[in-house]
Amino acid sequence: MKYFRMPLVGLLSATLLVAGVGTATADDAPQGSARSGTAPLRALADRAGLRIGTAVDMAALADDTAYRRMVGREFDSVTAENVMKWEVVEPARGTYDWSGADELVRFARERGQVVRGHTLVWHSQLPGWLTTGVADGSIGAAELRSILRKHVTTEVKRYKGRIQQWDVVNEVFEEDGSLRDSIWLRELGPSYIADAFRWAHAADPKAKLFLNDYNVEGVNAKSTAYYDLAKRLRAEGVPVQGFGIQGHLAIQYGFPGDVPENLARFARLGMQTAFTEVDVRMILPADAEKLATQAAYFRGLLDACLGSRSCRSFTVWGFTDKYSWVPGVFAGQGAATLTGEDYGRKPAYAAVREGLMEGR
Ligand code: XIL
């Protein structure tokens, strides 16, 4: 039974709490180890034909052995939570810092993990020299376009052959489906999007190039704007291969409708889809009921992915509440990931395991 077909309100915590506890005996290995809860998520995902990923906090990776071990053990895809963003890689104009990104790519290679590149063109986490230059008029439109071209080309080339999927543009639409007001739209007009994809493709023709945004899980004005954009770009021969759905949910807002239908329409365009930043926050304090709802939400997104052949990658935005970005951004909310601050597995972890074990 796929949970996304069920009314989520009706899900009982008990269902999910027992989900990870199996009755298998040692003689039904290799499945036995999965049922008894010892097989890592990546082994289960592999059988389901899915990459299971996490965002990686590079400071935690360096300092926290338990964190580092879990990234390697549980996941076969990694995304830089911050270190591939423009403000990090080019803090001063022409001065690059690739140390964090290089380290992540090396870490992944050693562990047979793929890397999702995140992100090339965004309105946020831009370097100060760039935003200031645009604001004070010292960087005009023509120069801005060549700066953007250089940024995309330099970063994509550096990791050519090592990035499976690139989030080329991130969060370019407003909720109503109009293009987001940003320095890119204001200075360059809407053509910056096609340009970015063409530049990225020229720099690494094998990387799958993605659009990426939040609040686009279901069919709504924003996801429809992406659908229309993707359709038009592909008709024009622009190399856009994927639609990335961040998947930052909150239990107090309800589970999005029409997720399978949304994935299906992008699949019909011949595109890949991916869940790229899944977490499910709640108003603190957490309790058993909220954690059960959270588990059902994780499972709902995972099942939608498993239900679509277009969806081959499911990434969580951190796997422990210890380092989650949520409490710092959404006041009074948190507990958004698969494990607690002590790495103890939450019902959501069991739900994801169970979903992967059921497979497609
Ligand atoms: C967040 C990181 O998790 C934080 O550490 C950082 O301070 C801000 O950015 N959508 C995205 C991600 O595409 O890059 C954001 O990551 C979360 C929302």
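None of these values were measured; they are calculated from a predicted model. (Residues numbered from 1 in each chain as written. Predicted model: local features only at pLDDT ≥ 70, side-chain atom pairs only at ≥ 80, totals over all residues. Heavy atoms only, no water.)

Colleague: I'd love a proper account of the site of the ligand, names of residues and values included.
Modeller: As a structural note, the neighbourhood of the ligand is formed by 13 residues, with Glu 81, Lys 85, His 118, Glu 277 and Trp 317 the closest of them. Glu 81 places a polar side-chain atom, nitrogen or oxygen, 2.5 Å from an oxygen atom of the ligand. Asn 82 is positioned such that a nitrogen or oxygen atom in its side chain is 2.9 Å from an oxygen atom of the ligand. Summarising the interface, the protein chains cover 79% of the accessible area of the ligand, which totals 420 Å² for the free molecule. Looking at the shell around the ligand residue by residue, the class counts come to 3 nonpolar, 6 polar and 4 charged. (Near = heavy atom within 4 Å. Polar contact = N/O pair within 3.5 Å; in protein donor to acceptor, adjacent residues only side chain to side chain. Areas by Shrake-Rupley, 256 points an atom, 1.4 Å probe, with all protein chains shown as cover. Nonpolar A, V, L, I, M, F, W, Y, C, P; charged D, E, K, R; others polar.)

Colleague: Describe the side chain of Thr 337, naming the residues involved and giving the relevant values.
Modeller: Here Thr 337 is to be found in the loop between strand 10 (333–334) and helix 16 (347–358). In terms of polar contacts, Thr 337 uses its side chain to reach the backbone carbonyl oxygen of Thr 339, at 3.0 Å. Leave out the neighbours within four places in its chain, and Thr 337 touches Gln 294, Phe 298, Trp 317, Gly 318, Phe 319, Thr 320, Asp 321, Ser 324 and Lys 346. (Helix = DSSP H or I, 4+ residues; strand = E, 2+ residues; numbered from the N terminus. Contact = heavy atoms within 4.5 Å.)

Colleague: Tell me about the packing of aromatic side chains, residues and numbers included.
Modeller: Enumeration according to the criterion identifies 15 aromatic pairs in this entry. Judged by centre distance (6.4 Å) and plane angle (75 degrees), the ring pair of Trp 86 and Trp 129 falls under edge-to-face. Remark: Trp 129 occurs in helix 8 (residues 128–135) and Trp 86 occurs in helix 6 (residues 86–89); sequence separation between them is 43 residues. We note that Trp 86, like Trp 129, is buried. Ring centres of Trp 86 and Trp 184 lie 5.8 Å apart, and the angle between their planes is 5 degrees; on these two criteria the pair is classed as stacked. With Trp 86 in helix 6 and Trp 184 in helix 10 (residues 183–188), this pair connects stretches of sequence that are 98 residues apart. Under the relative-accessibility criterion, Trp 184 is labelled buried at 1%. Across from the ring centre of Phe 107, 3.6 Å away, lies the NZ or CZ of Arg 111, which sits over that ring. Between the NZ or CZ atom of Arg 281 and the centre of the ring of Phe 330, over which it lies, the distance is 3.7 Å. (Phe/Tyr/Trp six-rings, centres within 6.5 Å; stacked < 30°, edge-to-face > 60°. Buried < 20%, exposed > 50% of the residue type's maximum accessible area, 1.4 Å probe, protein only. Lys NZ or Arg CZ within 6 Å of the ring centre and 35° of its normal.)

Colleague: Please set out the pairing of strand 4 (residues 165–170) residue by residue, giving values where relevant.
Modeller: With 6 of 6 residues buried, strand 4 lies mostly within the body of the structure. Pairing geometry for strand 3 (residues 114–121) and strand 4, over 4 bridges, is parallel. Looking at strand 4, one finds that Arg 116 is bridged to Gln 165. Pairing analysis gives 5 bridges linking strand 4 to strand 5 (residues 208–213), with the strands arranged parallel. Paired with Gln 165 across the strands is Lys 208, a residue of strand 5. (Pairing = 2+ DSSP bridges.)

Colleague: Which residues make up the pairing of strand 2 (residues 77–80), and what values go with them?
Modeller: Of the two faces of strand 2, the one carrying Ser 77 and Thr 79 and the one carrying Val 78 and Ala 80 are both buried. One ladder, built from 4 bridges, connects strand 1 (residues 51–56) with strand 2; its direction is parallel. Within strand 2, the residue paired with Val 56 across the bridge is Ala 80. Sheet topology places strand 2 next to strand 3; 3 bridges connect them, and they run parallel. Residue pairing for strand 3: Val 78 is matched across the bridge by Val 115.

Colleague: So what's going on with the pattern of salt bridges? Residues and values would help.
Modeller: Counted according to the given criterion, the structure contains 18 salt bridges. With a closest N to O distance of 3.9 Å, Glu 74 and Arg 345 form a salt bridge. Residue Glu 74 is found in helix 5 (residues 65–74), and its partner Arg 345 is found in the loop between strand 10 and helix 16; the two are separated by 271 residues along the sequence. The buried category is assigned to Glu 74, whose relative accessible area is 2%. Look at the salt bridges and you will find they share partners, linking Glu 103, Arg 106, Glu 110 and Arg 111 into a network. (Salt bridge = Lys/Arg side-chain N within 4 Å of Asp/Glu carboxyl O.)

Colleague: Lay out the state of the cysteines in plain terms, naming residues and giving numbers.
Modeller: Applying the stated criterion across every chain yields a total of 1 disulfide. Each sulfur of the disulfide joining Cys 305 and Cys 311 lies 2.0 Å from the other. The sign of the S-S torsion, about -95 degrees, decides the handedness of the disulfide formed by Cys 305 and Cys 311: left-handed. On the basis of relative accessible area, Cys 311 is assigned to the buried category, the value being 0%. (Disulfide = S-S within 2.5 Å.)

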